[in-house]
Amino acid sequence: MSIPPVKEQLEIIERGTVEIVPREELVQKLEKSRITQTPLRVKLGCDPTRPDLHLGHSVILRKMRQFQDLGHHTILIIGDFTAMIGDPSGANKTRPALSRGEIIENGRSYFEQASKILDPDKTEIVYNSEWLAPMSFEDVIRLASHYTVARMIERDDFTKRYQNNDTISLHEFLYPLAQGQDSVHLKSDIELGGIDQKFNLLVGRHLQREFGQSPQICLMMPLLVGTDGTQKMSKSYDNYIGIDEKPEDMYGKALSIPDQLIYPYFELVTDMDHARLPEIRERAENDPRNAKHDLAWNITRMYHGSGKADAARAHFERTVVQKDVPDEMPEFTFSPDSGHGLLDVIRETGFVPSSSEARRLVTQGGVTLDGEKITDPRFRFETGTEGAFILKVGKRKYGKLVFRS
RNA sequence: GGGGAGGUACCGAAGCGGUCAAACGGGGCAGACUGUAAAUCUGUUGGCUAUGCCUUCACAGGUUCGAAUCCUGUCCUCCCCA
């Protein structure tokens, strides 16, 4: 497999990036690699704390894929060892450590999902416990001596937490060092990451230099803003679109983003031809409704194919725009031999976590039965009730209630 | 090691003996509206066999007719000094 000309590569590599440190060295590395026909070693670390990948992850994974397509060597590091420490970046507090079993399982699931974006045959997978776990206390102290406290506290979230008098456990300082050690061990040429990872990536660069290696290039991608339009996409903010989600949910969630996100999403998470982006930017301004539908369709298509994307669009039109009931919904069976309180029925569908919640929804007019709003929380299906009813709870939870013995 | 401050619901933060299931803000949820599951406005936000009952204010005890509020012990956090 041959490596394309540097200029061509740069154009692809720089697409969507927020920062490349330092760009000139990247050019040099690319040139050298092309002359010697030696692929560059591109590293991406993942912290397998949450097994559900979403579009936020896809931004970086897609970049990784581009390197694969350019013929470079890509390494996905499952941070099984570092996950036990708990990564402080982003969150302004200490994350809980995970058990070994959970981490292994998460790592497996991570790769499986990432394979929707990466070429699994071209992805080398490594677990960083492989080289981090055998390190002795002496090794760790040696490693730590290559970095200073002052530089460590420079890091943005440490500074903030320190100023807020929040807890910073000492072990959190070791996380960037461990990640940097990964770069040293793997002799990486390039490390990919979100812009929030900048500090960690730079530590890797620093450590490689300390150990006499050619320091890696740090390539940072922007953080994808979540569907709420304010915070970065994250499962813990519940503003994410998972790459494993059902086509209908994917489509619907994509449509719920604020208008100003239409363009960034096209740029960062779709495979839209680069040349068409200016046109799309204009359309996002002038015809947001259709632009957003296109976006939703494209995202759904990328993960489910165009047939499913068409269906998801039709589904959306029907259920949300025309407020029709969907074709398919879960069914719940009840016996007519006894009466059933509406609140209990709602709770048994699992749509709400408690009957107090069900009561609240009913009182607020959030529950309909065969299209009719029921606002009396004492409503009952009397003994002898037969037949089926369409229950709607909240904005979009539908269930079919069947009464038969 | 010494001195000081503090731990309240999903988060931030009031309350400092009864009127506290606990102000206020954020977030969530619902209703109205809408091209949208956006924005905006309104309501709501511990649980239950529900106009009453039960469990919550770090944890364990205690004082009191009555405690998130007072006392004792334990755990945890932050600040200053060493």
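Refer to the structure presented above.
Asker: Hey, could you run me through the packing of aromatic side chains in this one?
Answerer: When we look at a pair of aromatic rings, we describe it by the centre distance and by the angle of the planes. Summed over all chains, the structure comprises nine aromatic pairs. With a centroid separation of 5.9 Å and an interplanar angle of 85°, the aromatic rings of Phe332 and Phe351 are classed as edge-to-face. Here the residue Phe332 occupies a position in strand E7 (residues 331–334), and Phe351 occupies one in the loop between helix H17 (342–349) and helix H18 (355–363), the gap between them amounting to 19 residues. Judged by centre distance (5.5 Å) and plane angle (85°), the rings of Phe379 and Phe381 are edge-to-face. Each member of the aromatic cluster is reached from another via a ring pair, and the members are Phe334, Phe379, Phe381, Phe389 and Phe403. If you follow Arg155 out to its NZ or CZ, it ends over the ring of Phe158, 4.9 Å from the centre. Taking NZ or CZ as reference, Arg281 lies 4.1 Å from the ring centre of Tyr263, over its face.

Asker: Just checking my understanding: could you explain unusual backbone geometry for this structure?
Answerer: Negative phi is the rule for most residues except glycine; trans is the rule for most peptide bonds. The step from Val21 to Pro22 runs through a cis peptide bond, and the omega angle for that step is -15°. Position of Pro22 relative to the elements: it lies in the loop between strand E1 (19–21) and helix H2 (23–36). If you check the backbone angles, Lys187 has positive phi at about 50° while not being a glycine. Under the relative-accessibility criterion, Lys187 is labelled exposed at 54%.

Asker: It is not clear to me how the protein's contact with RNA strand B should be interpreted in this structure. Could you clarify?
Answerer: Neighbouring residues of RNA strand B: 27 residues in total, closest Ser256, Ser356, Arg359, Arg360 and Arg396. Of everything in RNA strand B that lies within 4 Å of the protein, sugar and phosphate atoms constitute 63%. Between RNA strand B and Asp259 there is a distance of 3.4 Å, counted from a base oxygen to a side-chain nitrogen or oxygen. In this structure, a phosphate oxygen belonging to RNA strand B sits 3.1 Å away from a side-chain N or O atom of Arg347. At the level of secondary structure, the elements contributing two or more residues to the surface near RNA strand B comprise helix H12 (247–255), helix H15 (288–304), helix H16 (306–321) and H18. Top element by residues in the surface near RNA strand B is H18. It accounts for six residues. Within the surface near RNA strand B, the residues separate by chemical class into four nonpolar, eleven polar and twelve charged.

Basis of the calculations
Residues numbered from 1 in each chain as written. Chains lettered and ligands numbered in written order. Predicted model: local features only at pLDDT ≥ 70, side-chain atom pairs only at ≥ 80, totals over all residues. Heavy atoms only, no water. Phe/Tyr/Trp six-rings, centres within 6.5 Å; stacked < 30°, edge-to-face > 60°. Helix = DSSP H or I, 4+ residues; strand = E, 2+ residues; numbered from the N terminus. Lys NZ or Arg CZ within 6 Å of the ring centre and 35° of its normal. Buried < 20%, exposed > 50% of the residue type's maximum accessible area, 1.4 Å probe, protein only. Near = heavy atom within 4 Å. Polar contact = N/O pair within 3.5 Å; in protein donor to acceptor, adjacent residues only side chain to side chain. Nonpolar A, V, L, I, M, F, W, Y, C, P; charged D, E, K, R; others polar.

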